[in-house]
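Results of the structural survey
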Amino acid sequence: GIGTTIPSDTLSVLGISSFTGNVYFNGTDENNLGVASITWRESAGILEFKTNVIARFGDDDGDNNPGLEIYHDGTDSIIHDNGEGNLNLKTGDSSIQLLGNNTESMVVAKANSSVELYYDSVKKLETSGIGITVTGITSTNQLMVTGAFYDKDGDSGGENQVLASTGAGAVD
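Source: prediction; values computed, not measured.

Section: the pattern of salt bridges
Considering all chains together, one arrives at 6 salt bridges under this definition. Glu48 is the partner of Lys50 in a salt bridge, and the nearest nitrogen-oxygen pair spans 3.2 Å. By relative accessible area, which is 35% here, Lys50 ends up partly exposed. The salt bridge partner of Glu116 is Lys110, with a shortest N-O separation of 3.0 Å. According to the relative accessible area criterion, Lys110 is partly exposed, its value standing at 36%. In this structure, a network of salt bridges that share partners links the residues Lys110, Glu116, Lys123 and Glu126.

Here's the deal with the sheet that holds strand S9 (residues 115-119)
Strand order across the open sheet formed by 5 strands is S7-S8-S9-S10-S11, with antiparallel pairing between neighbours. The open sheet has two edge strands, strand S7 (95-100) and strand S11 (131-134), and neither has a second partner. When the angles between neighbouring strand axes are averaged without regard to direction, this sheet yields 15°. Of the pairings in the sheet, the one linking strand S10 (residues 122-128) to S11 comprises 4 bridges and is antiparallel in character. Paired with Thr127 across the two strands is Ile132, which belongs to S11.

Thoughts on the sheet that holds strand S6 (residues 77-81)
Taken in spatial order, the 3 strands of this open sheet run S4-S5-S6, and their pairing is antiparallel. The sheet terminates laterally at strand S4 (55-57) and S6, the two strands that pair on one side only. The mean inter-strand angle of the sheet, taken between neighbouring strand axes irrespective of direction, is 10°.

As for the side chain of Ser114
When you line up the elements, Ser114 lands in the loop between strand S8 (104-110) and S9. What makes Ser114 buried here is its relative accessible area of 5%. At a separation of 3.5 Å, a polar atom in the side chain of Ser114 contacts the side chain of Glu126. The contacts of Ser114, once residues within four sequence positions are left out, are Val108, Ala109, Glu126 and Thr127.

The rules behind the values
Residues numbered from 1 in each chain as written. Predicted model: local features only at pLDDT ≥ 70, side-chain atom pairs only at ≥ 80, totals over all residues. Heavy atoms only, no water. Salt bridge = Lys/Arg side-chain N within 4 Å of Asp/Glu carboxyl O. Buried < 20%, exposed > 50% of the residue type's maximum accessible area, 1.4 Å probe, protein only. Pairing = 2+ DSSP bridges. Helix = DSSP H or I, 4+ residues; strand = E, 2+ residues; numbered from the N terminus. Axes fitted to C-alpha atoms, helices over the stretch in contact; angles between N-to-C directions. Polar contact = N/O pair within 3.5 Å; in protein donor to acceptor, adjacent residues only side chain to side chain. Contact = heavy atoms within 4.5 Å.

What follows is the structure in structure tokens.
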């Protein structure tokens with residue numbers, strides 16, 4: 001009820017409600033004590049979810065199997081796509097970036113363009129309209145080249161040629 005701290009008392013509101021200032025959405029913890037699970041911090045414009053409080057989207061059929069959940073479990077931040085179909089990240093003409101430490105690039109996917117993979121914020125692989133560019137050493141136990149290939153000097157090779165080591169670290 002209004003002005004009470006007893007969690008079992010409730011206030012039922014029908015229709016549109018307006019609130020001024022911070023708003024606390026309370027649940028109960030394992031001791032049946034009132035806990036602010038979600039807080040609207042009006043002055044900061046932040047909707048704050050406490051640890052293990054899940055934002056669920058797309059549970060229209062009531063089967064408790066939502067299409068998407070977003071939460072923090074105390075250790076990890078989790079986006080769980082549990083619905084049918086794909087989890088799509090969309091952008092207009094810009095890019096989608098996965099960052100470490102707020103600014104360290106890990107993956108950059110550019111709209112209608114390339115995808116870049118980074119190691120410790122240094123670009124190591126980039127796709128393009130004609131293939132991929134790898135920066136650094138490429139380690140593989142087999143390599144099959146169909147079509148032309150180019151050596152470190154830009155000289156081209158043709159089909160059915162074999163790359164062989166000269167024993168001095170170079171490839172002929």
